[in-house]
Amino acid sequence: MKKQLDKNTVMMALLKGRTFIVLAILVILFGILSPNFVSVATLKMVTKHVALYGILAIGMTYVIITSGIDLSVGSVVGLAGMIAGGLIQEGLTIGGSTLYFSVPVVVLIVLIMGCLIGWANGLIITKLSVAPFIATLGTMYICRGLANIRSGGNTFSSITGYEGLGNQGFKALGSSVAGIPIGAILLIALSLIAAVALRKTTFGWHLYAVGGNERAAKMSGIKSDRIKIYAYVISGICAALVGMINTAQLAAAHPASGDGWEMNAIAASVLGGTSMAGGIGTIGGTFIGAFVIGVLNDGMTMCGVSEFWQKVIKGAVIILAVVIDQFQRNLQAKMALQVRNENK
């Protein structure tokens, strides 16, 4: 019995460190297949992409911990970019007059938009009892449609603003400080805040409680509907922020931006140890998971893997991550049972 327990303990340690192991394997593999992969230029490129996926995955982690899902985040990224780009390049026309906003105001408007979309998702799920998959799938189509309507399907290019109108400086969101992308700095800051909020605040404890056993949480006085709505609001705000960072990096906005990124966010969260069953997840794990997805995407691109096969591989990665998560949960239950039998 003791040998079996020791074996299971080793297996559990490997499972908990699986994200680091996968990341190391990917770096070594792509370094061999593409010598240019291990370079400063590639590191900067990967870091930019990791920042986008990571911020998106932070919001997704909060949602999945509540045993929910948010399929709308990729479309919110595209809509946020179109709203920001349109406000800077064309302004807002009301009654024949056109208003131009400063960059901080544009950022605030887009963040509020993300907040409202998340709030709507939360209300539909909690108050109308619509399954999260269906609710956010509908929102995904609505946001993608609105992104196309905003410009008739066209691209806002050269989003630099106009000196005389005081709306220049949006590109700063996509720039770097001492060689470090602003997006990466924001990812680190948001990860620290989100991690503390999960582990050290009442809201975080309630989030885990709702995801672990919503009925028990309600019986203990936790307002589960409010907690879920907050989780979707956070997800919407993260998606809106990613949309602006992506637009600033490209200095252009396209309605199709963020297409499929919800899968990257889900994959990063699940690879980082967040359980699709709810109640389990850490921001630290999601942070590493985002690096795995970023390295995987850019590595496959540099190795010449077609976009179609990339989707196949990422889909397989998500399935494998969920299977491993289920295996870990079963192993934990088995180990707990072995310990109880030994103590009898």
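It should be emphasised that the depicted structure is a prediction, and the values quoted were computed from it without experimental measurement.

**Student:** Residues and numbers for the environment of alanine 290, please.
**Tutor:** Its location among the elements puts alanine 290 in helix H12 (residues 283–302). Residue classification places alanine 290 among the buried residues on the basis of a relative accessible area of 0%. A C-alpha to C-alpha distance of 29 Å links alanine 290 and glycine 86, two positions 204 residues apart in sequence. Once residues lying within four places of it in the same chain are set aside, the contact partners of alanine 290 are Val50, Tyr53, Gly54 and Ala268.

**Student:** So what's going on with the packing of aromatic side chains? Which residues, and what values?
**Tutor:** Ring pairs (aromatic) are described by centroid distance and by the angle formed between their planes. What the rule picks out here adds up to six aromatic pairs. Ring geometry for phenylalanine 30 versus phenylalanine 37: centroids 5.6 Å apart, planes at 50 degrees, classification tilted. Taking the relative accessible area as the measure of exposure, phenylalanine 30 reaches 5% and is therefore buried. Geometrically, the ring pair formed by tyrosine 53 and tryptophan 261 is edge-to-face, given 5.7 Å between the ring centres and 90 degrees between the ring planes. Of this pair, tyrosine 53 sits in helix H3 (residues 40–65) while tryptophan 261 is found in helix H11 (residues 261–271), placing the two residues 208 residues apart along the sequence. Residue class for tyrosine 53 comes out buried when judged on its relative accessible area of 9%. An aromatic cluster is present here, built from Tyr62, Phe203 and Tyr230 joined pairwise through their rings.

**Student:** For helix H6 (residues 132–151), give the residues involved together with the corresponding values.
**Tutor:** Counted at 1.5 Å a residue, the expected span for H6 with its 20 residues is 28 Å, and the 29 Å between its end C-alpha atoms agrees. Buried within H6 we find Ala135, Thr136, Thr139, Met140, Cys143, Arg144, Ala147 and Ser151. Buried residues in H6, looked at end-on, bunch into an arc of 160 degrees, giving them a common side. Across from the buried face of H6, at angles greater than 90 degrees, the exposed residues are Tyr141, Ile142 and Ile149. In this fold, the buried residues of H6 make contact with helix H4 (73–89), helix H5 (103–127), strand S3 (156–157), helix H10 (224–250) and H11. Positioned one or two residues after H6, glycine 152 has a phi angle of 65 degrees, which is positive.

**Student:** Would you mind going over the state of the cysteines in detail, with residue names and values included?
**Tutor:** Per the stated rule, a full pass over the model turns up zero disulfides. Cysteine cysteine 143 shares no disulfide, and the gap to the nearest cysteine sulfur, in cysteine 115, comes to 13 Å. Given a relative accessible area of 2%, cysteine 143 falls into the buried group. In this structure cysteine 238 is not part of a disulfide, and its nearest cysteine sulfur, from cysteine 115, lies 11 Å away. Accessibility expressed as a relative area gives 9% for cysteine 238, which makes it buried.

**Student:** So what about the side chain of asparagine 297? Which residues, and what values?
**Tutor:** Here asparagine 297 lies in helix H12. Here asparagine 297 falls in the buried class, since its relative accessible area comes to 6%.

**Student:** Mind laying out the nonpolar core, listing which residues take part and the relevant values?
**Tutor:** Leu56, Tyr62, Val110, Phe170 and Met244 are the most contacted members of the largest nonpolar core, which has 81 residues in total. In terms of residues, this core owes the most to one element, H3, which gives 13 residues. Not counting the four nearest positions on each side in its chain, tyrosine 62 is found in contact with Ala194, Ala197, Leu198, Phe203, Leu207, Ala231, Ile234 and Ile283.

**Student:** Which residues make up the pattern of salt bridges, and what values go with them?
**Tutor:** Applying the stated criterion across every chain yields a total of four salt bridges. Measuring nitrogen to oxygen at the nearest pair gives 3.6 Å for the salt bridge that ties glutamate 90 to arginine 150. With glutamate 90 in the loop between H4 and strand S1 (92–94) and arginine 150 in helix H6, this residue pair connects regions lying 60 residues apart in the sequence. By relative accessible area, glutamate 90 is classed as partly exposed at 41%. The class of arginine 150 is partly exposed, set by a relative accessible area of 27%. Lysine 127 serves as the salt-bridge partner of aspartate 225, at 3.6 Å between the closest nitrogen and oxygen. Remark: lysine 127 occurs in helix H5 and aspartate 225 occurs in helix H10; sequence separation between them is 98 residues.

**Student:** Tell me about the side chain of aspartate 70, residues and numbers included.
**Tutor:** Considering the arrangement of structural elements, one finds aspartate 70 in the loop between H3 and H4. Notably, aspartate 70 is buried but unbridged: the nearest opposite-charge side chain belongs to arginine 144, and the N-O separation is 11 Å. Of note is the side chain of aspartate 70, whose polar atom sits 2.6 Å from the side chain of serine 72. At 2.8 Å, the side chain of aspartate 70 forms a polar contact with the side chain of serine 235. When neighbours within four sequence positions are excluded, aspartate 70 is seen to be in contact with Met60, Val63, Asn121, Thr136, Tyr232, Ser235 and Glu262.

Cut-offs applied
- Residues numbered from 1 in each chain as written.
- Predicted model: local features only at pLDDT ≥ 70, side-chain atom pairs only at ≥ 80, totals over all residues.
- Heavy atoms only, no water.
- Helix = DSSP H or I, 4+ residues; strand = E, 2+ residues; numbered from the N terminus.
- Buried < 20%, exposed > 50% of the residue type's maximum accessible area, 1.4 Å probe, protein only.
- Contact = heavy atoms within 4.5 Å.
- Phe/Tyr/Trp six-rings, centres within 6.5 Å; stacked < 30°, edge-to-face > 60°.
- Expected span 1.5 Å × (residues − 1).
- Arc of directions from axis to C-beta.
- Disulfide = S-S within 2.5 Å.
- Core = buried A, V, L, I, M, F, W, Y, C linked by side-chain atoms within 4.5 Å.
- Salt bridge = Lys/Arg side-chain N within 4 Å of Asp/Glu carboxyl O.
- Lys, Arg positive; Asp, Glu negative; His and termini not counted.
- Polar contact = N/O pair within 3.5 Å; in protein donor to acceptor, adjacent residues only side chain to side chain.

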